[in-house]
Amino acid sequence: MKLRVGVIGTGAIAKYRHLPEYAAREDVEIVALCDIIKEKADKLAVRYGVESVYTDYKQMIENEELDAVSVCTPNYLHAEMSIFALNHGLHVLVEKPMATSLDEANAMIEAAKKQERVLMVGQNQRLAPMHVLAKEIIESGMLGKVNTFRTVFGHAGPEHWSKTGKWFFDKKQAFAGSLADLGVHKMDLIQFILGDVDEVACFIDTLEKKDCGVDDNAVAVLRLKNGIMGTVETSWTYKPAEENGTTFFCEKGTLKMAVEPDAPLVAYFANPGRGRCVFEVPKMQTNEEQFSTGVIDGFVDTIQGKKENPVPGEEGRKALKVVLACLESAASNRKVKIEEVK
Ligand SMILES: NC(=O)c1ccc[n+]([C@@H]2O[C@H](COP(=O)([O-])OP(=O)(O)OC[C@H]3O[C@@H](n4cnc5c(N)ncnc54)[C@H](O)[C@@H]3O)[C@@H](O)[C@H]2O)c1
């Protein structure tokens, strides 16, 4: 039996990632699409041979016999839609950031637990082969203890990615700007590889997109529970090219991910005898260049019991908490402990 899925929100992320990645699986049938702008869903329904199109997600979930849904709508709708789907017995893949507050994230996790359904968050950075291998390298001890890190995610802004993406600039719908959009990826990645964040200090500002109600730039300093410290920069004003790289400075050398153009993962050893080592891994997808993120495969395989949920709700909440701590730090002009985030 094929897994019967529906997609709520047929904007950029559904079009570039969820739908092609579902369609690439022979064990999945895309049964229904939903968008408040019906023409958008109609167009993609034709492309993927989907028979049912809705403008009301509740009707879609109630009328169709679905096993799972992707929630690909603006951030403020993630919790409401995910909880409704979970409470109707569906597995849910929700885009990042999973929610706009800790209360929402808690309610989503609770609903998934109660209904015994999969709740996965579309935080794809931890699934990128270069990051999976980087984690293995760090854990192998080959580079010794990590002292500090630097991670950056910036591009020219969501207006270059999505035609309907005005909501990214509206605080009520997005809750934060570059920090929620891009920062949440890096908060997940850093904790996935290096460990949990303990406290943050952060500056945010709207430097260029002046009519926008959220940050277009953020710079945060994180201290992890294990003493490692580092910086996270997020931006919607990097042009013409995006940056999406991470560097770990370690006792015995340096590891760079997506920093050097032709070497997605490269280690430099302090011991001159070992020199520079380039690892054979694919590069990461960019807004211009899309290929499978592994998110849909992870979700479907988890539902089928073939693997552990690669990004459960609890992990999405951990990344969200760091973003919320950064916002609190910027607003109150002080360092904020993660445990303070309520
Ligand atoms: N994982 C990633 O790398 C990544 C990248 C980009 C965006 N995202 C996330 O994906 C989500 C969607 O972003 P996007 O770039 O696709 O935005 P988008 O604006 O292109 O698409 C959102 C779609 O949702 C629809 N929509 C709005 N309200 C709706 C409702 N009530 N019912 C049904 N449909 C509704 C809109 O009409 C639009 O088509 C966001 O949470 C964003 O953060 C994730």
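Structure shown above.
**Concerning the overall build of the chain**
Check the secondary structure of the chain and you find ten helices and 15 strands. Taken over C-alpha atoms, the radius of gyration comes to 20 Å for the chain, in line with the 20 Å a tight globule of 342 residues would show. When the backbone C-alpha atoms are referred to their principal axes, the chain occupies close to 65 × 45 × 40 Å. Relative to all contacts within the chain whose residues are 6 or more apart in sequence, the contacts with residues 24 or more apart total 68%. Within the structure as shown, the chain displays about 15200 Å² of accessible surface, and the carbon and sulfur contribution to it stands at 50%. Side-chain charges of the chain comprise 42 positive and 50 negative groups, with the mean position of each set lying 3 Å from the other.

**Let's talk about the environment of Lys210**
One can find Lys210 in the loop between strand S8 (197-205) and strand S9 (217-224). Owing to a relative accessible area of 62%, Lys210 belongs among the exposed residues under this scheme. A distance of 2.9 Å separates a polar side-chain atom of Lys210 from the backbone oxygen of Thr206.

**Here's the deal with the sheet that holds strand S13 (residues 263-269)**
With mixed pairing, nine strands are arranged side by side in an open sheet as S14-S13-S12-S11-S7-S10-S9-S8-S15. The sheet is open, and its two edges are formed by strand S14 (276-279) and strand S15 (336-337), each paired on a single side. Docked against the sheet, helix H6 (residues 129-140) engages strand S7 (146-154), strand S11 (246-250), strand S12 (253-260), S13 and S14, running at close to 175° with respect to S12. Those strands touched by helix H10 (residues 313-332) are S8, S9 and S15, and its axis lies near 55° from that of S8.

**Thoughts on the packing of aromatic side chains**
Taken as a whole and assessed by the stated rule, the structure comprises five aromatic pairs. For the ring pair Tyr16 and Trp161, a centre distance of 5.4 Å and an interplane angle of 45° mean the geometry is tilted. Of this pair, Tyr16 sits in helix H1 (residues 12-23) while Trp161 sits in the loop between S7 and helix H7 (171-174), and the two are 145 residues apart along the sequence. A residue is classified by how much of its surface remains accessible, and Tyr16, at 34% relative accessible area, is partly exposed. Between Trp167 and Phe168, the aromatic rings sit 3.9 Å apart at their centres with planes inclined by 25°, giving stacked as the arrangement. Here the two residues Trp167 and Phe168 agree in accessibility, since each one is buried. Clustering of aromatic rings is evident, with ring pairs tying together Trp167, Phe168, Phe169 and Trp236. The residue whose ring lies beneath Lys135 is Phe192, and the NZ or CZ to ring-centre distance is 4.7 Å. Of note, Lys186 hangs over the ring of Phe153, and the distance from its end group to the ring centre comes to 5.4 Å.

**Some remarks on the side chain of Asp216**
Counting through the fold element by element, Asp216 comes out in the loop between S8 and S9. The charged side chain of Asp216 is buried without a salt bridge, its nearest counter-charge being Lys209 at 6.0 Å. Here the side chain of Asp216 touches Leu207 through a polar contact of 2.7 Å, landing on its backbone nitrogen. Looking at Asp216, its side chain comes within polar contact range of the main-chain nitrogen of Glu208, at 2.8 Å.

**Examining the environment of Tyr48**
Along the polypeptide, Tyr48 turns up in helix H2 (residues 38-48). For the pair Tyr48 and Ala14, spaced 34 residues apart in sequence, the C-alpha separation works out to 12 Å. In contact with Tyr48, not counting residues within four places along its chain, are Lys15, Leu19, Pro20, Ala23 and Ile30.

**Quick word on the pairing of S13**
Across the seven residues of S13, six count as buried, placing the element largely inside the fold. Where S13 lies against S14, four bridges are found, and the strand directions are antiparallel. Directly across from Leu265, in S14, lies its bridge partner Phe279. The loop that links S13 with its antiparallel partner S14 comprises six residues; one of these, Gly275, has a positive phi angle of about 55°.

**Quick notes on empty space enclosed by the protein**
Within the structure shown, the criterion is met by one cavity of 30 Å³ or more. The space that makes up the largest cavity amounts to roughly 60 Å³. Lining the largest cavity we find Ile13, Arg17, His18, Glu21, Glu95, Gly122, Asn124, Thr293, Val295 and Ile296. Going through the elements one at a time, H1 and helix H9 (295-303) are the ones with two or more residues in the lining of the largest cavity. In terms of residues, the lining of the largest cavity owes the most to one element, H1, which gives four residues. Considering only residue class, the lining of the largest cavity consists of three nonpolar, four polar and three charged.

**Details of the site of the ligand**
Asp35, Lys40, Asn75, Trp161 and Ser162 are the nearest of the 29 residues found near the ligand. Within the backbone of Ile13, a nitrogen or oxygen atom sits 2.9 Å from an oxygen atom of the ligand. Interatomic distance of 2.9 Å between a side-chain N/O atom of Arg17 and an oxygen atom of the ligand. Burial of the ligand by the surrounding chains reaches 92%, relative to a free accessible area of 840 Å². More than half of the atoms of the ligand fall within 2 Å of the grid points belonging to the largest pocket. Top element by residues in the shell around the ligand is H1. It accounts for three residues. Counting residues domain by domain, the shell around the ligand receives three or more from each of domain 1 (3-123 + 294-311) and domain 2 (125-285 + 319-340).

About the cut-offs
- Residue numbers here run from 1 along each chain, matching the order of that chain's written sequence.
- Side-chain atom pairs in this predicted model are given and counted only at pLDDT of 80 or more, local residue features only at pLDDT of at least 70, and totals for whole chains, interfaces and linings cover all residues.
- Hydrogens and water are ignored here; the side-chain numbers use all heavy atoms of the structure.
- Comment: elements are numbered from the N terminus, with helices defined as DSSP H or I runs of at least four residues and strands as E runs of at least two.
- With C-alpha atoms as the basis for the radius of gyration, the globule rule is written as 2.2 Å multiplied by the number of residues raised to the power 0.38.
- In this description, contact between two residues means that some pair of their heavy atoms is separated by no more than 4.5 Å.
- Each accessible area value is a Shrake-Rupley result obtained with a 1.4 Å probe; residue values ignore everything except the protein chains displayed when judging cover.
- By the counting scheme adopted, Arg and Lys are positive, Glu and Asp are negative, and His together with the chain ends is not counted.
- Taken as the charge centre is NZ of Lys, CZ of Arg, CG of Asp or CD of Glu, depending on the residue.
- Only protein chains enter the accessibility calculation, which uses a 1.4 Å probe; a residue is then buried when its area is under 20% of its type maximum, exposed when over 50%, and partly exposed in between.
- Think of a polar contact as two N or O atoms within 3.5 Å of one another; within protein, one of them needs to be a possible hydrogen donor and the other a possible acceptor, and neighboring residues in sequence only count if both atoms come from side chains.
- Pairing between strands is defined by DSSP: at least two bridges between the two strands are required.
- Between the N-to-C directions of two axes lies an angle of 0 to 180 degrees, each axis being a line fitted to C-alpha atoms and, for a helix, fitted only over the stretch in contact.
- Under the pairing criterion, centres of Phe, Tyr and Trp rings, with the six-membered ring standing for Trp, must be within 6.5 Å; the plane angle then separates stacked pairs below 30 degrees from edge-to-face pairs above 60, leaving the rest tilted.
- The criterion for a charge sitting over a ring is simple: Lys NZ or Arg CZ within 6 Å of the ring centre, and within 35 degrees of the ring normal.
- Just to be clear on terms, a salt bridge is a Lys or Arg side-chain nitrogen sitting within 4 Å of an Asp or Glu carboxyl oxygen.
- In this analysis the probe radius is 1.4 Å and the grid spacing 1 Å, with only protein atoms considered; a cavity is a set of points the probe fits into but cannot get out of, a pocket is an open set with protein on both sides within 12 Å along at least five of seven lines, and lining residues have an atom within 4 Å of a point.
- Grid points are joined across faces, edges and corners, and a volume is the space filled by probe spheres set on the points.
- Classification used: nonpolar for Ala, Val, Leu, Ile, Met, Phe, Trp, Tyr, Cys and Pro, charged for Asp, Glu, Lys and Arg, polar for all others including Gly.
- Definition of nearness: a residue and a molecule or strand are near each other if at least one heavy atom of the residue lies within 4 Å of the molecule or strand.
- The rule for placing a molecule in a cavity or pocket is simple: more than half of its atoms must lie within 2 Å of the grid points.
- Note that the domain bounds reflect an automated or database-derived domain assignment.

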